[in-house]
Amino acid sequence: MVIAAMAAILGAALYLLVLHSADGGRARLLKSVATLRAQAALLDQHAAEHERLRAVPAPAASPADLRTLIQTRADAARFPLTRIDAPDADHVQVTLGAVAFADWLAWIAALQAQHVRLETARIEALAAPGLVSVSATFARSRPQ
């Protein structure tokens, strides 16, 4: 009889231990589910914004627009622009004198934000540390 009572008490203690552990795990899971739901809602908002922006028609392209954009960006960056040609509406060729390589990379990133991609480039290191001369062709990015 004593052994049966001890077994019942031990069984109840184990049951309470498992129940307590499961309850703690459940609380952690509920907390993470709330976080995941918030992230999913934000992802849905981003997807809707992405689809809305893809549906917006691209502005009409003219050769002067791309050339003007690159010229304006080069002037703003104070780059020594020695040559700029627009062989067609979607391409512009530039030649830059001595520019800091880090500034060149930042300039490319700024142009990419304007939907202009670097198509080809020839970069030559100059004698001064960090300076390069650049010949590059830029192209208007096409929607996918």
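Residues numbered from 1 in each chain as written. Predicted model: local features only at pLDDT ≥ 70, side-chain atom pairs only at ≥ 80, totals over all residues. Heavy atoms only, no water.

A. Examining the overall build of the protein chain more closely. In terms of regular secondary structure, the protein chain is built from three helices and four strands. Ordered by position from the N terminus, the helices and strands of the protein chain form the series α-α-β-β-α-β-β. For the protein chain, the C-alpha radius of gyration of 31 Å lies well beyond 15 Å, the compact-globule estimate for 144 residues. Dimensions along the principal axes, computed over C-alpha positions, put the protein chain at roughly 100 × 45 × 20 Å. Classification of the 144 residues of the protein chain by burial places 18% in the buried group. Intrachain contacts of the protein chain at a sequence separation of at least 6 include 53% that bridge at least 24 residues. For the protein chain, the accessible surface area stands at approximately 10,400 Å², while carbon and sulfur atoms represent 64% of it. (Helix = DSSP H or I, 4+ residues; strand = E, 2+ residues; numbered from the N terminus. Rg over C-alpha atoms; globule rule 2.2 N^0.38 Å. Buried < 20%, exposed > 50% of the residue type's maximum accessible area, 1.4 Å probe, protein only. Contact = heavy atoms within 4.5 Å. Areas by Shrake-Rupley, 256 points an atom, 1.4 Å probe, with all protein chains shown as cover.)

B. Up close: the packing of aromatic side chains. For the coordinates displayed, the defined rule picks out four aromatic pairs. Each ring, one from Trp104 and one from Trp107, has its centre 5.7 Å from the other, and the planes form 40°; the classification is tilted. Taken together, the positions of Trp104 and Trp107, both in helix H3 (residues 101–113) and three residues apart, correspond to about one turn of that helix. The same class applies to Trp104 as to Trp107, namely buried. Through a chain of ring-to-ring contacts, three or more aromatic side chains come together here, namely Phe79, Trp104, Trp107 and Phe138. (Phe/Tyr/Trp six-rings, centres within 6.5 Å; stacked < 30°, edge-to-face > 60°.)

C. Up close: a nonpolar patch on the surface. Nonpolar side chains collect at one region of the surface, where Leu10, Leu14 and Leu17 lie side by side and expose about 320 Å² of accessible area between them. By the element assignment, Leu17 lies in helix H1 (residues 2–55). The exposed category is assigned to Leu17, whose relative accessible area is 56%. (Patch = residues over 30% accessible without salt bridge, like charges linked within 9 Å, V, L, I, M, F, W, Y side chains within 5 Å. Salt bridge = Lys/Arg side-chain N within 4 Å of Asp/Glu carboxyl O.)

D. Fine view of the pairing of strand E1 (residues 81–88). As paired elements, E1 and strand E2 (residues 91–100) share five bridges and run antiparallel to each other. Bridging from a neighbouring strand, Asp88 pairs with His91 of E2. Between the end of E1 and the start of E2, which pair antiparallel, lie two residues. (Pairing = 2+ DSSP bridges.)

Read these as geometric descriptors, not functional statements.
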